[in-house]
Amino acid sequence: MWQVNNEVNKTVLISYGVLISSFFRLAIQISKQSNKSTLLADGDFLSNEFKKTAYLDARLLTINISAQDQIKPLIEEIVCLNTTILKEQFEIYKYQNKEVSNKNYNLVQLQHPDCLKKIFKDYFYTKFFGIDWIWSELIETEYTRSMFKTNFKEENKLYVCSYCDTDTISNARNAWIEHFLPKSKFPFISCNPFNLIPSCTACNVAGSGKGENIKNPIVSQYNRQIGDYLEFEYEDGEILIKNNTDDNIENFIELLKLRNRYKEESVNSRILSTLKINYSNALGQKNKNDFNKDIFFDFLHDMGRNNGLYFVQKDLLKYIDEI
Ligand SMILES: [Zn+2]
C-alpha cells in the first residue's frame, strides 16, 4: 500500500546473483561431459570444480539442512540434468530476474526440475542467507536477514507493513521477508530484491493474507503507492473498500484479503478510535471551521509511516460526524 524501494539491499543481492549465475554456468559445463558419472564417483570432483570457479567455494558443499537433506547429492542431481534443460532453465532465471528487477510481476509460472526448485528455495534463499562467511567472503559484505529488514525500514523510513498499513514491522520478529511472487512457484526470483518485501505476519500467511497465492495482472508496492488508489468507505459501523476499476489494484486488494482485514472487529474499532482521537486533538480548542484538512492529512501521513492507518483515516475523515 505504501510505495517502497529497496536500493540498499539491491547492491548486496546483485552480487549474490553473480554467485548463482556462476553456479549455473558450472552446472552446464559439467553436464556436457559424457563421463560425468565417473567424474562424480570421485568424492573430490565437485569440491575441486567449486574451488576453481569464481564466486564458488568448496565449503558450500558442506552446508546441509540435516543428515537427510544434504546439498551435495542435490548438486550431483543438478549437474546430471540434460545440458539443454539446464541452459533453458538458466535463460528462464535471467529472464525472470530481469523482469522483476524492472518491476514487472506479471510472469507466467513455468516448470522447473525439482532439484533446481529445491536448491533455490531451501539453500540459496533459506539456508545460505543465514551463513555469515558466504556474505563476508564471497560477497564481501556483512549481511543477515535482520540487516535486510533494517536496511529496508531505514531506506523507506517506514515501520508499518507496506502491504496492509494496519500492523507494524518495527520489531524484527514481527517482520517477515515476504516473497511477492511466492518462492514455491517462482523459485528463481526468490533472492531478487524487488521480489522481497518485509511484511506483518498476517500478510505473509495464507489464511489471513496472501500466502503463496498469485494474481495477474498485478502491481506491487515497488510500482506504486497502492494506498492512494484505494477508496475506503464507512457504512453501518463497517469499513468497506470500494471495488476498484483498475484490475491491478483490485487484484492486490483481493490477494491481500484487505476487505476482510479492515472489517475485522479489532482492526475496525482501532481505526475508528484512532481517527476520533487524532481528530479531536487536531481540533483542540479550535472552531470546526478553522480545522485545516491539509495539515491534518500531513500529520496522519507522518504518523502513519510509524503506526499505520494513514490511508483509511484520510478517507474516513468525511464520515467523522457519524463516527
Ligand atoms: Zn501487513
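Residues numbered from 1 in each chain as written. Predicted model: local features only at pLDDT ≥ 70, side-chain atom pairs only at ≥ 80, totals over all residues. Heavy atoms only, no water.

When you line up the elements, N292 lands in the loop between α12 (265-283) and α13 (293-307). For N292, a relative accessible area of 35% puts it in the partly exposed group. Sequence-wise, N292 and A282 are ten residues apart; in three dimensions their C-alpha atoms are separated by 8.7 Å. (Helix = DSSP H or I, 4+ residues; strand = E, 2+ residues; numbered from the N terminus. Buried < 20%, exposed > 50% of the residue type's maximum accessible area, 1.4 Å probe, protein only.)

Burial along strand β3 (residues 232-235) is one-sided: F232 and Y234 are buried, and none of E233 and E235, which face the opposite way, are. Both β3 and strand β4 (residues 238-241) contribute to a ladder of four bridges, which runs antiparallel. In the sheet register, F232 faces β4, and the bridge partner there is I241. In sequence, β3 turns back onto β4 through a hairpin of two residues, with D236 there showing a positive phi of about 50 degrees. (Pairing = 2+ DSSP bridges.)

Throughout the structure, instances matching the rule amount to 13 salt bridges. A salt bridge links D69 to K118, with the nearest nitrogen and oxygen atoms 2.8 Å apart. Here D69, found in the loop between α3 (45-52) and α4 (71-79), pairs with K118, found in helix α6 (residues 114-127); they are 49 residues apart in sequence, far enough to count as distant. For E250, the salt bridge goes to R259, with nearest N and O atoms at 3.0 Å. Through salt bridges with shared partners, one network takes in D57, R59 and E137. (Salt bridge = Lys/Arg side-chain N within 4 Å of Asp/Glu carboxyl O.)

Now for the packing of helix α1 (residues 7-31) against α4. The geometry of a pair of packed helices is captured by two quantities: the angle between their axes and the separation between those axes. Interaxial distance between α1 and α4 falls to 8 Å at its minimum, and their mutual angle equals 60 degrees. The angle between α1 and α4 places the two elements in the oblique class. Facing α1, whose interface residues are F23, A27, I30 and S31, α4 presents I75, I78 and V79. When its residues are assigned to classes, the contact of α1 with α4 shows six nonpolar, one polar and no charged. (Axes fitted to C-alpha atoms, helices over the stretch in contact; angles between N-to-C directions. Parallel < 35°, antiparallel > 145°, perpendicular 65-115°, else oblique. Contact = heavy atoms within 4.5 Å. Nonpolar A, V, L, I, M, F, W, Y, C, P; charged D, E, K, R; others polar.)

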